[in-house]
Structure formats: structure tokens, C-alpha cells
Amino acid sequence: MFWRLLTFFTGQAAGASLGWWMTLESDALAGALLGALLVGYVWLILDMTRGVRMLRWLRADTERDVALGSGLWGEASERIRRLVRARDKLVYQSEGRLHDFLAALQASPNGVVLLNDQGQIEWLNRTACDHFGLDARRDVMQHLGNLVRDPAFATYLAAKDFREEVTIPARQSGTSKPLKLSVQLHPYGEGRSLLLSRDVTALEQADAMRRDFVANVSHEIRTPLTVLAGFVETMQTLDLTEDERGRYLELMAQQAQRMQTLVNDLLTLSRLEGSPPPPSNEWIDVGPLLLQCEQDGQALASLLWNRAHNLHFDIVGVGAIAGASNELYSALFNLVSNAIRYTPVQQRIDVVFRLLPGGTAEFSVIDSGSGIAPEHLPRLTERFYRVDRSRSRETGGTGLGLAIVKHVAQRHGAELTIESVPGKGSTFRIVFPANRVHPILQQLV
Ligand code: ADP
């Protein structure tokens, strides 16, 4: 400012001096005033020209710089330039942060929908699009309530009580299985809200399975327990002969045995689910393993059929299997015992542990019993799934045998396959991977 005033007054003084000098002979005072006035006008015009140039530059809102030199206009334009640059930098940083924030919401495994105070969609991530069958471009600024028309969700919105979640079916496209969503609205700011959705299909399924499992176990235990309680009551109230007492006690022992088998199978399953994977460096000799299965199988056959079964055991090239011996025995014997239980005594059952090309090994149980209709095959390994319910119960089955076999096979990296022809017989196979198979015993360290 000082320089500006200095140049102005110096210019005035110079103009006045020049006017005074030029009109020295006539009217020097008027000449000095005119000179000062002229210089003042010129200064003002030059000054306004620079001001107008700066105004034009600001109006044009251009990136191009304007050269206004030094002085007041030059400094003002330079300061404006710096302010604009600082503002641009802030905007750029805020945009970056917003971009990062939206990218984080996009990466969320849950659906996220931002709603304005009218309940219109302002933004939604891909998961939300999948969950509700929406389109991120087309459906922006649409009312969510118009797009998600599930009755439970409509009631939830109308009640305006968003403390709890609501479970609704998903409208996900491209999947055949029905999905379940848990949805909750979280109000924030002034009337805005955030809608979060979670795929709870697996949780719901697990919950349903748990309920079924508890119901099945209760049912399986209640039956022998009721029979047992009936006998106890009879023995307490009736005067029985020694013979009758003996017969009743035997029947009671059978029911107690049934419950014990069930509890043992349940414990085996729970151990399989909770314990660490079977060791891959503990080698179980298949000879004694199969011998044990054969002896226990014959014992079971004489118990069930009162005579030895037509059982044939063979080992071809397999020395040992890496894993847990109790689990392996449980899986192999379950298959052998099923064959015995579902095959009439005079018919043949072949049990073979065979080395396959490539170093894998196959344990197979081939019976010529009742066989299984194809529609049952995919469900055989489900807990408590039985084809022949009465035969299973009569022969001490729990409906858990094949579930145990499948679990053990999976834990050993092996695969269980079932083939069956009704009326002809069934073949159950477990194929162990090469890294768990030792071809011959002598090679063991
Ligand atoms: P269970 O204790 O009832 O035998 P499993 O899980 O071992 O239970 O077997 C499930 C069902 O599969 C059985 O109830 C039976 O109906 C059928 N099944 C299993 N093995 C055989 C077989 N070798 N022959 C015919 N049916 C079989």
C-alpha cells in the first residue's frame, strides 16, 4: 500500500511539476493542477484496466494464469491463486477419503444401503444389490420400501422400531437355493439411516440342523427309555415268576444296550468333530485291523443270526494306513457290520483292502443283501437317516453309522462312495489318498 501511495503521489508531483514548467510564462498554478490531474487520470485508467483484467480472470474460472505484475492487483491475484490451490488440494484430499471410505464399504461382506431422510436410496454396495436384487445405478433415489416388498420388512419399516433385526428371504439372482437375510436399520444424523444386511442362510441351516438333531436324539432315547420304564413298573407292581423276571430283565438289558450304543455313537461323532486331524505319520497295520473287524463281525453275526456269516476278507498289497487306529476301526467295522445286518446269513460278503494303481488304496465291502433304492443313496450319510427303519432297530442300528464313516473318511483325506442295486446288494468303498498308504509292511521304518 505504501508503494502504491508513493507511486501515486510521486506521479502527481511529477505531473504538477511538468505542468508548472510548461506554463511558467502564462499560468503556472493552473498548469501544475492540470498536470497533476492528467497523471491522476492516467494512473486511474491503468489501475482500472488491471482490476478489470483480474475480474475477467476470476469470472472465466480458468486454470490459465493472468499476469498482473507486482503491486496491489498482482498481490491480490497471487493470494487468490494460492487460496484456490489450497481449496483444490482440500477437495482432492476429501474426494480421496470419500473414495477410500466407499471402497471399504464395497469390500464389506455385508450389504450396506445409505438412505436419506425420505427413505430414498443414496448409495448401496454390491452385496446389498445382490441381497435385494437391486441395481446401484437404476435404483438410486428410489424408495427402499417400494423396492423391497417382503411383508415382514414392510411391517418392520412401518413399526419404526429398529432395535432388533428382521429376517427376510433374499432376492439374490443366479442361485437356486433360497437365502435368508438378517436386516437392520440404524438411524443416524438428521433423519438419515443406514441399512445393514447379513446372509444368515448357513446360520439358519445350522440352527435347523441342531433342532432336528436334538429332536432325533430325544426320540431315539425316549423309545427304549419308555420300554425300560414300563418293565420296571411291571416288575414293581406284579408278582412275577422267576422265569418271567428273567425274561423281562433280558428285555430290559436289550433296551439299556440300545441306549448305550446310541450314546457311544453320539460320543464318537462329537469326538470326530472336536478333535485335531488324525496324524499323518502314525502307521496302522491293516492286517490286525481287518482281523479285528472279521472277529467282531463273526461275533455280531452269531448274535444276530445265531451262526457264522459267509464273510471273506482279503488284503491285496496294502501294508499300512496313516491315521488314527480307533477312527479307522470304527469306520471299517461300521461298513462290515452294516453288510452283516442287511445281508441274509447264507449270502456272501466280500471285504477287500486293495492297493490301486497310483498308490491309493481302496477298502471295499461288497454284499449281496437287500440293496438300497437310488433315491436314498445321497442321504445315507445324514445323521439318523434310515431306509429300513425297523431292520435298523432290530439289529441294533442307531442311524449314525454311515455319518461316522463319512466323517472318518474326510478326516483321513479319503472318499466314501456307495453303489447299490435293490434286491442285488451294495458296495461301499473308502479310497485313501496315496500319502496315507504304505504298500507293504516291510518298508515301514
Ligand atoms: P444304521 O445304524 O441304521 O444301520 P447307518 O448310518 O449305518 O445306520 O445306515 C443308514 C441306513 O442305510 C440304514 O438304516 C440302512 O437302511 C441303509 N444301509 C446301510 N448299509 C446298508 C447295506 N449294506 N445294505 C442295505 N442297506 C444299508
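Analysis parameters
Residues numbered from 1 in each chain as written. Predicted model: local features only at pLDDT ≥ 70, side-chain atom pairs only at ≥ 80, totals over all residues. Heavy atoms only, no water. Helix = DSSP H or I, 4+ residues; strand = E, 2+ residues; numbered from the N terminus. Buried < 20%, exposed > 50% of the residue type's maximum accessible area, 1.4 Å probe, protein only. Core = buried A, V, L, I, M, F, W, Y, C linked by side-chain atoms within 4.5 Å. Domains from an automatic or database assignment. Contact = heavy atoms within 4.5 Å. Expected span 1.5 Å × (residues − 1). Pairing = 2+ DSSP bridges. Axes fitted to C-alpha atoms, helices over the stretch in contact; angles between N-to-C directions. Phe/Tyr/Trp six-rings, centres within 6.5 Å; stacked < 30°, edge-to-face > 60°. Lys NZ or Arg CZ within 6 Å of the ring centre and 35° of its normal. Parallel < 35°, antiparallel > 145°, perpendicular 65-115°, else oblique. Left-handed = near helix turned anticlockwise from the far one by under 90°. Buried area = accessible area lost by both parts, 1.4 Å probe. Salt bridge = Lys/Arg side-chain N within 4 Å of Asp/Glu carboxyl O. Polar contact = N/O pair within 3.5 Å; in protein donor to acceptor, adjacent residues only side chain to side chain. Near = heavy atom within 4 Å. Areas by Shrake-Rupley, 256 points an atom, 1.4 Å probe, with all protein chains shown as cover.

So, unusual backbone geometry
Step number 1: Backbone geometry places Met141, a non-glycine residue, at a positive phi of 70°.
Step number 2: With respect to the secondary-structure elements, Met141 resides in the loop between helix H4 (126-132) and helix H5 (144-147).
Step number 3: Take Met141: its relative accessible area is 41%, and that puts it in the partly exposed class.
Step number 4: The residue Phe384 is not glycine, and still its phi comes out positive at about 70°.
Step number 5: Positionally, Phe384 belongs in the loop between strand S10 (361-367) and helix H11 (389-394).

Some words on the nonpolar core
Step number 1: Of all hydrophobic cores here, the largest spans 47 residues; its most connected members are Ile321, Val336, Phe353, Phe363, Ile430 and Phe432.
Step number 2: The two domains that each donate at least three residues to this core are domain 3 (206-275) and domain 4 (278-443).
Step number 3: Setting aside anything within four residues of it in sequence, one finds Ile430 in contact with Ala331, Leu332, Leu335, Ala361, Glu362, Phe363, Val405, Ala409, Ala414, Glu415 and Leu416.
Step number 4: Residues Cys129, Ala170, Leu181 and Leu195 belong to the second largest nonpolar core, which totals 22 residues.

Digging into helix H10 (residues 325-341)
Step number 1: Spanning 17 residues, H10 covers 24 Å between terminal C-alpha atoms, matching the ideal 24 Å at 1.5 Å per step.
Step number 2: Here H10 lies mainly inside the structure; 14 of its 17 residues are buried.

Re the sheet that holds strand S3 (residues 166-169)
Step number 1: One open sheet accounts for five strands, arranged S2-S1-S5-S4-S3; its pairing is antiparallel. For this open sheet the edge positions go to strand S2 (121-124) and S3, each flanked by a neighbour on one side alone. Taking each pair of neighbouring strands and ignoring which way they run, the sheet shows an average axis angle of 25°.
Step number 2: In this structure, strand S4 (residues 180-188) lies alongside strand S5 (residues 192-199), joined through eight bridges in antiparallel fashion. Within the sheet, the bridge partner assigned to His186 lies in S5 and is Leu194.

Quick word on the packing of aromatic side chains
Two descriptors summarise a pair of aromatic rings, namely the distance from one centre to the other and the angle between the planes of the rings.
Step number 1: A full pass over the atoms with the stated rule returns nine aromatic pairs.
Step number 2: Through successive ring pairs, a cluster of aromatic residues spans Phe8, Phe9 and Trp43.
Step number 3: Geometry around Phe213 places Arg383 over its ring, the cationic atom sitting 5.2 Å from the centre.

A closer look at helix H3 (residues 71-107)
Step number 1: For H3, with 37 residues, the first-to-last C-alpha span of 54 Å sits near the 54 Å given by 1.5 Å per residue.
Step number 2: Of the positions making up H3, those classed as buried are Gly74, Ser77, Arg81 and Leu105.

Focus: the packing of helix H7 (residues 201-237) against helix H8 (residues 242-274)
For any two helices packed against each other, the geometry is given by the interaxial angle and the distance between the axes.
Step number 1: Following both chains from N to C, one finds H7 and H8 inclined at 160°, their axes separated by 10 Å at the closest point. Considering the angle they form, H7 stands roughly antiparallel to H8. Of the two elements, H7 crosses H8, and the hand of that crossing is left-handed.

Some remarks on the domain arrangement of the protein
Step number 1: In terms of domain boundaries, the protein breaks down into domain 1 (2-98), domain 2 (108-199), domain 3 (206-275) and domain 4 (278-443).
Step number 2: Taken together, the contact between domain 3 and domain 4 spans 15 residues of the former and 14 residues of the latter.
Step number 3: A buried area of about 1400 Å², summed over both sides, lies between domain 3 and domain 4, and 63% of it is on carbon and sulfur atoms.
Step number 4: Summed over the shared surface of domain 3 and domain 4, the number is three salt bridges.
Step number 5: Counting across the domain 3 and domain 4 interface gives six residue pairs in polar contact (both at pLDDT 80 or more).

Observations regarding the site of the ligand
Step number 1: Near the ligand you find 21 residues, and of these Asn338, Tyr342, Asp367, Ser392 and Leu402 are the closest.
Step number 2: Measuring from an oxygen atom of the ligand, one finds a backbone N or O atom of Thr398 at 2.9 Å.
Step number 3: At a separation of 2.9 Å, an oxygen atom of the ligand approaches a polar backbone atom of Gly399.
Step number 4: Alone, the ligand offers 530 Å² of accessible surface; in the complex the protein occludes 98% of this.
Step number 5: Elements with a contribution of two residues or more to the shell around the ligand: H10, helix H12 (401-411) and strand S12 (425-432).

Considerations on the side chain of Thr201
Step number 1: Positionally, Thr201 belongs in helix H7.
Step number 2: Residue Thr201 is classed as buried on the basis of its relative accessible area, which comes to 8%.
Step number 3: Setting aside residues no more than four positions away along its own chain, Thr201 makes contact with Pro178, Leu179 and Lys180.

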